[in-house]
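# Structural characterization, general
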Amino acid sequence: MKFWIAPYSLPTRTSLNRHQKKSTTEGFLIKAQGKDFSAGYADCRPWDFLGDPAVEQQIQCLRDRRWTVLLRRSLFFARLDGRAREEKRSLWDPQIRLQSHYTCTDPQELFNIEKWAELRAQGYRTIKLKMGRSLVDEVRLSHRLAEKAWFRWRLDFNGSGGEAFLKKAGAQFLAQVDFIEDPEPYTEERWSFLEKTYGVKIAYDQPPKGKVQLPRGHRTRIIKPARQNFFARSMDVVTNSLDHPLGQAFAALQAQESVRRLEKQKVVYGLKADHLFAPNEYFRRLSTTSSVFQPDINYGVGFDDLLKREKWILL
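In this report, we go over the structure that sits alongside the text. (Residues numbered from 1 in each chain as written. Predicted model: local features only at pLDDT ≥ 70, side-chain atom pairs only at ≥ 80, totals over all residues. Heavy atoms only, no water.)

### Examining the overall build of the chain
Short version of the rule: Only runs of H or I of at least four residues qualify as helices and only runs of E of at least two qualify as strands under DSSP, and these elements are numbered from the N terminus. Radius of gyration here is computed from C-alpha atoms only, and the compact-globule reference equals 2.2 Å multiplied by the residue count raised to the power 0.38. Each residue gets one of three labels from its accessible area relative to the maximum for its type: buried under 20%, exposed over 50%, partly exposed in between, using a 1.4 Å probe on protein chains only. Values of accessible area rely on a 1.4 Å probe in the Shrake-Rupley scheme; residue burial ignores everything except the protein chains shown. Positive: Lys, Arg. Negative: Asp, Glu. His and the chain ends are not part of the count. Charge positions come from single atoms, namely NZ of Lys, CZ of Arg, CG of Asp or CD of Glu.
For the chain, the count of helices and strands is 10 helices and 13 strands. The C-alpha radius of gyration computed for the chain amounts to 19 Å, which stays within 12% of the reference 20 Å derived for 315 residues, consistent with globular compactness. Referenced to the eigenvectors of the C-alpha coordinate spread, the extents of the chain come out at roughly 60 × 40 × 40 Å. A total of 315 residues make up the chain; the buried ones form 56% of that total. Per element, the accessible surface of the chain, about 14500 Å² overall, is 50% carbon and sulfur. In the chain, the 53 positive side-chain charges and the 38 negative ones have mean positions that sit 2 Å from each other.

And the structure:
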């Protein structure tokens with residue numbers, strides 16, 4: 001196979017989580033050419049706090065045909081996309097509507113009651129809040145929301161600080177929480193203790209230490225198709241990696257396949273993230289004032305004209 005790359009740097013409206021120091025997110029698009037297709041596209045966006053090799057290392061691995069976890073998934077999507085483009089067909093099913101939660105990276109945004117009304121008007125009923133910026137603000141927000149059960153909540157702690165919040169949030173608010181993600185590094189004893197003590201469900205977002213994949217079992221898994229290669233169960237949530245819109249589209253495509261397997265069961269996924277980034281032509285194709293993910297319907301996963309205009313570098 002032949003490969004081309006197009007590095008990118010996407011400005012963000014705010015830091016995407018407490019681990020991100022830059023006001024940009026960086027990765028590279030991949031164009032692949034195989035025996036049975038002339039051009040298939042994918043994304044590669046590494047996260048150092050998850051232990052991914054950096055962008056430069058990923059590019060060198062692609063050049064050397066050494067497949068990292070992310071590159072294996074990128075190659076899978078590039079082949080899928082390339083074959084569809086070769087056959088001049090779209091990968092999207094217009095009959096499937098993909099409902100998404102709203103991702104909030106800063107609790108200050110939700111102290112504005114007008115924001116609640118805006119989100120309700122757009123059809124959101126579930127909000128995912130990235131935790132760990134300010135325990136004081138997060139606890140204060142939970143108390144304010146406790147008597148206003150307009151939304152369900154998903155709380156993402158990225159591996160630390162969960163119990164400090166749970167001790168102060170109060171049972172009334174916690175009853176509105178679908179689940180919390182990675183309140184601390186996984187041990188079965190500790191997670192079971194937190195679940196029983198505070199009456200919450202815990203979801204796996206990051207694999208346990210030393211593991212590549214999320215475990216199966218009774219807990220919800222937060223599945224990121226850019227990293228993981230299995231379909232969601234009805235209790236699981238497919239979400240993107242806050243990567244390039246092309247990568248976000250492939251996450252939504254995997255959610256679409258999960259909906260098919262679940263016989264169109266209504267599940268709230270985590271697919272919309274355009275509001276977290278500065279606008280560009282790719283994000284404008286996905287942007288809507290709705291809680292439903294809108295794909296760019298064209299050949300393959302879409303974005304045909306934009307991908308052709310990229311300045312591709314042959315490896």
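Right, picking up where we left off after that structure.
### Digging into the environment of N280
Counted only if it meets this: Under the rule applied, a polar contact is a pair of N or O atoms within 3.5 Å (in protein, one hydrogen donor and one hydrogen acceptor; residues adjacent in sequence only if both atoms are side-chain atoms).
As for its placement among the helices and strands, N280 is situated in the loop between β12 (268–269) and α9 (281–286). Separated by 35 residues in sequence, N280 and P245 place their C-alpha atoms 9.6 Å apart. In terms of polar contacts, N280 uses its side chain to reach the backbone amide nitrogen of Y282, at 3.0 Å. Side-chain polar atoms of N280 contact the backbone nitrogen of F283, separated by 2.7 Å.

### Looking at the sheet that holds strand β1 (residues 2–11)
This is how the line gets drawn: Any two strands between which DSSP finds at least two bridges are classified as paired.
Judged by pairing direction, the sheet is antiparallel, and its four strands sit side by side in the order β3-β2-β1-β13 without closing on themselves. Looking at strand neighbours, the two that pair on one side only are β3 (37–44) and β13 (313–314), the edges of this open sheet. Where β1 meets β13, two bridges bridge the pair, whose relative direction is antiparallel. When the bridges of β13 are listed, W4 appears paired with L314.

### A word on the sheet that holds strand β9 (residues 202–203)
Read across the sheet, five strands follow the order β5-β6-β7-β8-β9 without closing on themselves; strand pairing throughout is parallel. Of all strands in the sheet, those with a lone pairing partner are β5 (102–104) and β9, marking the two edges. The pairing of strand β8 (residues 177–181) with β9 spans two bridges and is classified as parallel. Within the sheet, the bridge partner assigned to E181 lies in β9 and is A203.

### What to know about the state of the cysteines
As a reminder, the rule being used: Throughout, disulfides are identified as pairs of cysteine sulfur atoms within 2.5 Å of each other.
Throughout the structure, instances matching the rule amount to zero disulfides. The closest cysteine sulfur to the non-disulfide-bonded C61 is located on C44, 9.4 Å from its own sulfur. Here C61 falls in the buried class, since its relative accessible area comes to 9%.

### Notes on the environment of T103
Condition: Note on definitions: a residue-residue contact is assigned when non-hydrogen atoms from the two residues lie within 4.5 Å.
Tracing the backbone shows T103 in strand β5. In this structure T103 comes out as buried when scored by relative accessible area, which is 6%. Expressed as a C-alpha distance, the spacing of T103 and M131, which sit 28 residues apart in the sequence, is 11 Å. With sequence-adjacent residues up to four places away left out, T103 is seen in contact with K128, K272, H275 and L276.

### Topic: a positive patch on the surface
Just so we agree on the cut-off: To count toward a patch, a residue needs a relative accessible area over 30% and no salt bridge; like charges are then connected within 9 Å, while nonpolar side chains (Val, Leu, Ile, Met, Phe, Trp, Tyr) are connected within 5 Å. A carboxyl oxygen of Asp or Glu within 4 Å of a side-chain nitrogen of Lys or Arg is what we treat as a salt bridge.
The grouping of R97, R120, R125 and K266 at the surface amounts to a positive patch. Within the fold, R125 resides in the loop between α3 (113–121) and β6 (126–130).

### Here we look at the packing of helix α2 (residues 69–86) against helix α8 (residues 245–261)
How we decide: Interaxial angles span 0 to 180 degrees and are taken between N-to-C directions of axes, which are lines fitted to C-alpha atoms, for helices over the stretch in contact. Roughly parallel refers to an angle under 35 degrees, roughly antiparallel to one over 145, roughly perpendicular to one between 65 and 115, and oblique to any angle outside these ranges. By the convention adopted, Pro, Cys, Tyr, Trp, Phe, Met, Ile, Leu, Val and Ala count as nonpolar, Lys, Arg, Asp and Glu as charged, and the other residues, Gly among them, as polar.
Where α2 contacts α8, the axes come no closer than 12 Å and their chain directions differ by 75 degrees. The angle between α2 and α8 falls in the class roughly perpendicular. For the pair formed by α2 and α8, the contact residues are R73, F77, L80 and D81 on the first element and F250, L253 and Q254 on the second. Taken together, the residues that form the contact of α2 with α8 break down as four nonpolar, one polar and two charged.

### Notes on the nonpolar core
We count it as follows: For the purposes of this section, nonpolar cores are sets of buried Ala, Val, Leu, Ile, Met, Phe, Trp, Tyr and Cys residues that join through side-chain atoms within 4.5 Å.
Residues F28, L98 and Y269 are the most contacted members of the largest nonpolar core, which totals 59 residues. The set of elements that each furnish at least two residues to this core consists of β1, β2 (24–34), β3, α1 (55–64), α2, α8, α9 and α10 (304–308). Of the residues forming this core, the biggest block, seven residues, is contributed by α8. What F28 contacts, discounting residues up to four positions off in sequence, is I5, A6, P7, Y8, D43, C44, V55, Q58, I59, L62 and L71. Grouped together as the second largest cluster of nonpolar side chains are 31 residues, Y124, L129, F165 and I180 included.

### What about unusual backbone geometry?
Of note, D182 is a non-glycine position whose phi angle comes to about 40 degrees, a positive value. One can find D182 in the loop between β8 and α7 (188–198). Despite not being glycine, F303 has its phi angle at roughly 65 degrees, a positive value. Looking at the secondary structure, you find F303 in the loop between α9 and α10. Since its relative accessible area comes to 0%, F303 is described here as buried.

### Brief notes about the pattern of salt bridges
Taken as a whole and assessed by the stated rule, the structure comprises 28 salt bridges. In this structure, D236 and R233 form a salt bridge, with 2.8 Å as the shortest nitrogen-oxygen distance. R233 matches D236 in its accessibility class, with the two residues each being buried. Close ionic contact of E257 with R260 constitutes a salt bridge, the shortest N to O distance being 2.3 Å. In this pair, E257 and R260 both sit in helix α8, three residues apart, roughly one turn of the helix. You can call E257 partly exposed: its relative accessible area is 25%. Through salt bridges with shared partners, a single network forms among K128, K130, D156 and E181.

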